[in-house]
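# Structure at a glance
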Amino acid sequence: MSGVQTVTVEAGEGDQRLDRWMKRRFPQVSQGMIEKMCRKGECRVDGGRVKSSTRVEEGQQVRIPPLPDRPAPVIQKTRISDKDARMIRDCVIYKDDAVIAINKPSGLPTQGGSGQTKHVDGLAEALTFDLDEKPRLVHRLDKDTSGVLLLARTRLAAKSLTAAMRHHDTRKIYWALVAGVPTPYLGEIKYGLVKAPGRGRGGEGEKMIAVHPRDIDGTPGAKRAQTMYATLYRVASRAAWVAMEPITGRTHQLRAHMAEIGHPIVGDGKYGGSSQENMGDGWGAKVGGIISHKLHLHARMMRFEQPETRKVITVTAPLPDHMKDSWDTFGWTEDLAAEDPFEAV
């Protein structure tokens, strides 16, 4: 058993939860022990009482009470099969010392949830490459949305990228196939969004309800949301290739917004079902023929500042197979669209 000690949070260790910092410094300490130390006031930061979730910063002094010498039980990491490791590594479309970008497949969840055993966060153990720690998620994509997904390779990179997204210092362009043809061809959607009630204990089945801008302030739980869209190409009045830029980042924002203006995204059973009234003459989320029923929503491009070099990086993800097949059916190719159709707007 060790004695009481005071430990300084060193450079590179800041902006993380106290419990995570302690586990890295003292691997023999369990989560339960940390919670108890904080609850009893035995663990303090700069002399003050703290919770296990308190974030520590560089230079702070952490009081550590006597700790056991015996290591805590080691929790075995879930083993990733060689097949899954190859799959997630094949998804990598950009990598440097601080950032990894993957082209997330449609159908692969970003994080674990109800009944989800395979997800990007878990598979990230196969993306350590030459570093010791697995890369960290800094944003999310819906399970059935494909495209650019960033992971930070260091704690400092994660902090920088998270802040950049929070302050809207990144650009995200999505492509979608929608029912009908939006008019005007270039527009802005400002419907607020609020969670529908009764959608599962763990958030499964979650659905958002659009709220007219004039009703947002009077609707409990409603949040403002803003989406720019541009109609790039169309198939008569039946379907259109649309580019979208989410100015805000609400749950299901793009899907709910396009459905609300009458042009649900093809393959969207949640927001574009048969009951969805839309300007696609009743097709809902389906346009018929050989067009896949999978969700046609793809995070095409992301532009961000590299956390270490401050160089602006643009990452572009090729379309998934089911969307490429649809594009081929309509005679479209990926090079027909500008990288950033909103740049000159």
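Since this is a predicted model, take the numbers as computed values, not measurements.

## Thoughts on the overall build of the protein
Within the protein, the regular secondary structure consists of seven helices and 18 strands. For the protein, restricting intrachain contacts to residue pairs at least 6 apart in sequence, the fraction spanning at least 24 positions comes to 65%.

## Some remarks on helix α1 (residues 18–25)
For α1, the set of buried residues is L18, D19, W21 and M22. Along the axis of α1, the buried positions cluster into a sector of 160 degrees, meaning they face one direction only. Its buried side turned inward, α1 meets β1 (5–8), β2 (16–17), α2 (31–39), β3 (44–45), β5 (55–56) and β6 (61–64).

## Some points on the nonpolar core
One finds I102, M244, I265 and L297 to be the most contacted residues of the largest nonpolar core, which totals 31 residues. Broken down by secondary-structure element, the contributors of at least two residues to this core are α3 (82–90), β8 (99–104), α4 (120–123), β10 (146–152), β11 (171–179), β16 (239–246), α6 (253–260) and β17 (297–305). When we break this core down by domain, the ones giving at least three residues each are domain 2 (82–169) and domain 3 (173–336). If sequence neighbours within four positions are ignored, I102 has contacts with I88, C91, V92, I93, V120, L127, G147, V148, L149 and L151.

## Concerning the packing of aromatic side chains
Counted according to the given criterion, the structure contains seven aromatic pairs. Measuring from ring centre to ring centre gives 5.5 Å for Y233 and W241, while their planes differ by 35 degrees; the resulting arrangement is tilted. The exposure class of W241 is buried, given its relative accessible area of 0%. Both rings, one in W241 and one in W332, keep their centres 5.5 Å apart while their planes meet at 40 degrees; by these two values the pair is tilted. Here the residue W241 occupies a position in strand β16, and W332 occupies one in the segment after α7 (321–330), the gap between them amounting to 91 residues. What makes W332 buried here is its relative accessible area of 6%. Clustering of aromatic rings is evident, with ring pairs tying together W175, Y233, W241, W327, F330 and W332. Here the guanidinium or amino end of K95 rests over the ring plane of F129, the centre of that ring lying 4.9 Å away. A cation over a ring is seen here: K207 above Y271, with NZ or CZ 5.5 Å from the ring centre.

## What to know about the sheet that holds β1
With antiparallel pairing, the four strands of this open sheet are ordered in space as β1-β6-β3-β4. Strand pairing shows two members of the sheet lacking a second neighbour, β1 and β4 (48–49), which therefore form its edges. As judged from the two bridges shared by β3 and β4, these two strands associate in the antiparallel manner. What sits directly across from V45, in β4, is G48.

## What about the side chain of Q16?
You can see Q16 is positioned in strand β2. Owing to a relative accessible area of 4%, Q16 belongs among the buried residues under this scheme. At 2.7 Å, the side chain of Q16 and the side chain of R24 are in polar contact. Q16 has contacts with W21, R24, T54, R55, V56 and R155, leaving out every residue within four places of it along the chain.

## Re empty space enclosed by the protein
Tallying each qualifying case throughout the model produces one cavity of 30 Å³ or more. Its boundaries defined by the atoms lining it, the largest cavity holds a volume of some 50 Å³. Every residue lining the largest cavity is listed: H139, V148, K172, I173, Y174, A299, M301 and M302. Counting only elements with at least two residues in the lining of the largest cavity, the list comes to β11 and β17.

## Side note on the pattern of salt bridges
What the rule picks out here adds up to 20 salt bridges. Salt-bridge contacts for R153 lead to D130; the nearest nitrogen and oxygen are separated by 2.8 Å. Taken as a pair, R153 in the loop between β10 and α5 (155–166) and D130 in the loop between α4 and β9 (136–137) lie far apart in primary sequence, 23 residues in all. You can call D130 exposed: its relative accessible area is 57%. One network of salt bridges, in which partners are shared, links R171, E245, R303, E339 and D340.

## Observations concerning the UniProt feature "active site" (unreviewed entry) in the protein
Within this structure's numbering, the places UniProt gives as "active site" (unreviewed entry) are D142. Mapped onto the secondary structure, D142 falls in the loop between β9 and β10. Judged by relative accessible area, D142 falls into the partly exposed class, the value being 22%.

What counts and what doesn't
Residues numbered from 1 in each chain as written. Predicted model: local features only at pLDDT ≥ 70, side-chain atom pairs only at ≥ 80, totals over all residues. Heavy atoms only, no water. Helix = DSSP H or I, 4+ residues; strand = E, 2+ residues; numbered from the N terminus. Contact = heavy atoms within 4.5 Å. Buried < 20%, exposed > 50% of the residue type's maximum accessible area, 1.4 Å probe, protein only. Arc of directions from axis to C-beta. Core = buried A, V, L, I, M, F, W, Y, C linked by side-chain atoms within 4.5 Å. Domains from an automatic or database assignment. Phe/Tyr/Trp six-rings, centres within 6.5 Å; stacked < 30°, edge-to-face > 60°. Lys NZ or Arg CZ within 6 Å of the ring centre and 35° of its normal. Pairing = 2+ DSSP bridges. Polar contact = N/O pair within 3.5 Å; in protein donor to acceptor, adjacent residues only side chain to side chain. 1 Å grid on protein atoms, 1.4 Å probe; cavity = no way out; pocket = protein on both sides within 12 Å on 5 of 7 lines; lining within 4 Å. Points joined across faces, edges and corners; volume = space filled by probe spheres on them. Salt bridge = Lys/Arg side-chain N within 4 Å of Asp/Glu carboxyl O. UniProt positions renumbered as here; feature names shortened; annotations may be inferred.

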